[in-house]
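# Structure assessment
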Amino acid sequence: MNLWQPPRIRRNALAIWHRNVLVWRRLLGPAIVLNFGEPTLYLLGLGYGLGFFIGEMDDMPYLSFLASGIVASSAMTTASFEGMYSVFTRMVTQRTYEAIMATPTDIDDILAGEMIWCATKSVISATAILIVALFLGVVQGWQAILVIPVVFLIGLCFAGPAMIMSAFATNYDFFNYYFVLVVTPMFLLSGVFYPIDTLPAIMQGFVQFLPLTHAVALTRPLVTGIPLTQALLHLGVLLAYATVSYYLAVVLVRKRLLV
Amino acid sequence: MTGDISYAAGRMIKNKSPNIATTPETESHLAAPIITAHELRKHYGDYIAVDGIDFTIPRGKCFGFLGPNGAGKTTTLRMILGITPLSSGRLSVFDLAVSEHGRDIRAHTGTVPQADNLDPDFTIVENLRMYARYFGLPLNAQLEQRIDTLLEFAALSERRNARTDTLSGGMQRRLTIARALINDPDLIILDEPTTGLDPQARHVIWSRLNELREQGKTLLLTTHYMEEAERLCDELMIMDHGRILDQGSPAELIRRHVEPEVIELRGCDMATIDTIRSNIHDCRVEHLGNSLYCYTHDSAPQLEYLRNEHGLTFMHRPSGLEDVFLKLTGRELRD
């Protein structure tokens, strides 16, 4: 079999998603505490606390600015965690994939299912934030509901690179590189905490290549009701990252497991 | 106690080949091999795991790959499942080429891996239910009925809601075998099914595997336990260093390679060994550790000599597969 052969996804991918839903449901309590607790603390602490000194940013209350950015960044961190720690656990530590690969469900399906699951978790966490934001009066209008499909796409876009990391990893510590070198810089540079047009010109060009920049550019208008521009470009970038990273993850996991 | 476990799922899977054991028109299929390998080769860099082997595996029998560690048994099984790409050669299962039809082949195959890889996040019954999903089987009453039958077959009905990490090694293995049967496979592949189990647990596994064979399933297993190979396998292939050394029924292999009787002497020092070697005739003598083996067609003269030598402990027995195995694969230690 050619490792670079284009993946074919079948319905079996949903079995992987289903598996993860069942496991997640068992740990519902702690998951809910995490999903609601963390954004509440962030939004209250930073949004009100820091917002008291900042006042307005980009013509909106700092709380709104922050909340509409954190929706996107939490989708990123959620999908990244799931695509690394959980995928690695199932692929290597628990050898769940080995058992699954003896069935008609193969690597193409497994990774597609994992990716859909990562995106599902992103949606769960972003929805929690949106609910908290709604209570804090940040959400402006019904268009905010469109954040949910957008967040699903953001989840897919970050799940792929995370699974690529899992395909390379020999242990959990390996993921520190990705968090320190990729996730955290993106978190700080992509317009979650301050507008990107305050960055030096050269950096402004650079952050256009980061998917989180485009994710925030979609979630901020949708949540706060400001005009949404260049939506197709932003969606296209996220979709491109999702597709290319899925393909590369499939090739690398094939290389690792089909030996 | 088990009934016919192929019954429930026989209707569950559409377009499934008819049950081989019970349908008369498939009689001719019995002759057609279920697996055919030609010049099958697998290498990792310079290391050759499987070295251009040819074999056919008949339907409806228990076929064994016997060989020391590193013989290429597991690699061959993985190639049959389509999860290890071939370096070269041809390999077909159910008349389908593994390189293109891995998914179709696995749909009709059950696999028991060397190390149990049950899903630790689920209970026994959830493990079976989830595994059925990976085969694309619908979660319905028929599946539940099948799961009940399989749990009974594996003697795990009482523990159906237990988590897998609370099970003993024998129970985990039985569950893995039940899991391999969830799709009512035509071919069941078992990689060292009883390694690491205690004698009681092994006997239970053996009786279950025999039941499956009687139902007409094709079993393909690897082992390095001679007793297991002798008890279960209709036909064996002895492998070493990626090559096939010989193939045949256990009785044929014994007849072909070793003299019918063996006298085994244990706990001998070098001096005793030398004395015995010079006094014993008309037999092939092998020496392993502080044991001496005399292979012969007529043991009477040697036995007479040994009985008159005081202080020797010896055992006279018919030759077995272990003698064949050691003769073909040598006696040096494998790691």
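Residues numbered from 1 in each chain as written. Chains lettered and ligands numbered in written order. Predicted model: local features only at pLDDT ≥ 70, side-chain atom pairs only at ≥ 80, totals over all residues.

Our focus in this paragraph is the overall build of chain A. Across its full length, chain A carries 10 helices and two strands. Of the regular secondary structure in chain A, the N- to C-terminal order runs α-α-β-β-α-α-α-α-α-α-α-α. Over its C-alpha trace chain A gives a radius of gyration of 19 Å, about what one expects of a compact globule, namely 18 Å for 259 residues. Counting only C-alpha atoms, chain A reaches 60 × 45 × 35 Å along its principal axes. Classification of the 259 residues of chain A by burial places 47% in the buried group. (Helix = DSSP H or I, 4+ residues; strand = E, 2+ residues; numbered from the N terminus. Rg over C-alpha atoms; globule rule 2.2 N^0.38 Å. Buried ≥ 20, exposed ≤ 12 C-beta atoms within 10 Å, placed from the backbone.)

The subject of this paragraph is the overall build of chain B. Of the regular secondary structure elements, chain B holds 12 helices and 14 strands. For chain B, buried positions account for 39% of its 335 residues. Relative to all contacts within chain B whose residues are 6 or more apart in sequence, the contacts with residues 24 or more apart total 70%. (Contact = placed C-beta atoms within 7 Å.)

Moving on to the pairing of strand β14 (residues 314-318) of chain B. Residue and element names in this part refer to chain B. Within β14, only zero of the five residues are buried, which leaves the element largely exposed. Here strand β11 (residues 261-265) runs beside β14; their pairing, made up of five bridges, is antiparallel. The residue bridging E261 from the neighbouring strand is P318, located in β14. (Pairing = 2+ DSSP bridges.)

Next up on the list: the confidence of the model for chain B. All names here are of chain B. Averaged over chain B, the pLDDT score is 87; the fraction of residues at 70 or greater is 89%. This stretch, residues 1-29, has a pLDDT under 50; its non-local contacts, to residues over four places away or in other chains, come to 42 contacts. The complex model carries a pTM of 0.89, and its ipTM stands at 0.91. (pLDDT = per-residue confidence, 0-100.)

Another point: the interface of chain B and chain A. Contacts between chain B and chain A engage 19 residues on the former and 21 residues on the latter. Elements with a minimum of two residues in the side of chain B that touches chain A: α3 (98-107) and α4 (124-134) of chain B. The biggest single contributor to the side of chain B that touches chain A is α3 of chain B, with four residues. Partitioning the side of chain B that touches chain A into residue classes produces nine nonpolar, five polar and five charged. (Nonpolar A, V, L, I, M, F, W, Y, C, P; charged D, E, K, R; others polar.)

It is worth spelling out the sheet that holds strand β1 (residues 35-44) of chain B at this point. All names here are of chain B. Strand order in the open sheet made by the four strands is β2-β1-β4-β5, with antiparallel pairing throughout. Where the open sheet ends on each side, the last strands, each with one partner, are β2 (47-57) and β5 (96-97). As judged from the five bridges shared by β1 and strand β4 (residues 88-93), these two strands associate in the antiparallel manner. Across the sheet, residue I35 finds its bridge partner in β4, namely V93.

Locating L46 of chain A in the fold gives a position in helix α2 (residues 28-54). In this structure, the C-alpha to C-alpha distance between L46 of chain A and I145 of chain A, residues 99 residues apart in sequence, is 24 Å.

Now for unusual backbone geometry. A positive phi angle, close to 50°, is found at Q230 of chain A, a residue other than glycine. For H241 of chain B, which is not a glycine, the phi torsion comes out positive at approximately 50°.

Each pair of packed helices gets described by two things: the angle between the helix axes and the distance between those axes. Residue and element names in this part refer to chain A. Across the interface, helix α3 (residues 62-93) lies against helix α9 (residues 211-224) with an axial gap of 8 Å and an inter-helix angle of 135°. Here α9 runs oblique to α3, going by the angle between their axes. Once α3 is placed against α9, the crossing between them reads as right-handed. Contact with α3, carried on its side by S64, A67, S68, G69, V71, A72, S73, A75 and M76, involves L212, A215, V216, T219, R220, V223 and T224 of α9 and no other residues of that element. Among the residues forming the contact of α3 with α9, the class breakdown is nine nonpolar, six polar and one charged. (Axes fitted to C-alpha atoms, helices over the stretch in contact; angles between N-to-C directions. Parallel < 35°, antiparallel > 145°, perpendicular 65-115°, else oblique. Left-handed = near helix turned anticlockwise from the far one by under 90°.)

Here the focus is α3 of chain B. Residues and elements named next belong to chain B. Taken as a whole, α3 has its buried residues at V98, G102, I105 and R106. An end-on view of α3 places all buried positions within 95° of arc, on one side of the element. Looking at the buried positions of α3, the neighbouring elements they touch are α2 (73-80), β4, β5 and β6 (109-112). (Arc of directions from axis to C-beta.)

As a further point, take the packing of helix α6 (residues 147-168) of chain A against α9 of chain A. All names here are of chain A. Contact pair α6 / α9: the axes reach a minimum separation of 10 Å and the direction vectors enclose 170°. Taken together, the axes of α6 and α9 are roughly antiparallel relative to one another. Each of V147, V150, I154 and C157 in α6 lies in contact with α9, whose residues at this interface are P211, A215, L218, T219, L222 and V223. Split by residue class, the contact of α6 with α9 holds nine nonpolar, one polar and no charged.

Attention now moves to the environment of I131 of chain A. Along the chain, I131 of chain A falls in helix α5 (residues 107-135). By C-beta crowding, I131 of chain A is classed as partly exposed, having 15 other C-beta atoms within 10 Å.

Residue and element names in this part refer to chain B. In spatial order, the strands read β6-β7-β8-β3-β9-β10; together these six strands make up an open sheet with mixed pairing. Here the strands that pair on one side only, and so sit at the sheet edges, are β6 and β10 (243-248). Within this sheet the neighbouring strands show an average axis-to-axis angle of 15°, counted without direction. One ladder, built from four bridges, connects β6 with strand β7 (residues 187-191); its direction is parallel. In the sheet register, G110 faces β7, and the bridge partner there is I188. Contacts from helix α6 (residues 169-180) reach β6 and β7, with the element oriented near 165° to β6. The sheet contacts of helix α9 (residues 250-257) involve β9 (235-240) and β10, and relative to β10 the element is tilted by about 110°.

Moving on, we get to the pairing of β1 of chain B. Residue and element names in this part refer to chain B. In this sheet, β2 lies alongside β1 in antiparallel orientation, the contact comprising eight bridges. Bridge pairing in β2 links A37 to F55. Turn length for the β1-β2 hairpin, with the two strands adjacent in sequence and antiparallel, is two residues, and the turn residue G45 shows positive phi of about 60°.

Further remarks concern the environment of F65 of chain B. The residue F65 of chain B is located in strand β3 (residues 62-66) in this model. The spatial distance from the C-alpha of F65 of chain B to the C-alpha of M237 of chain B is 5.0 Å, given a sequence separation of 172 residues.

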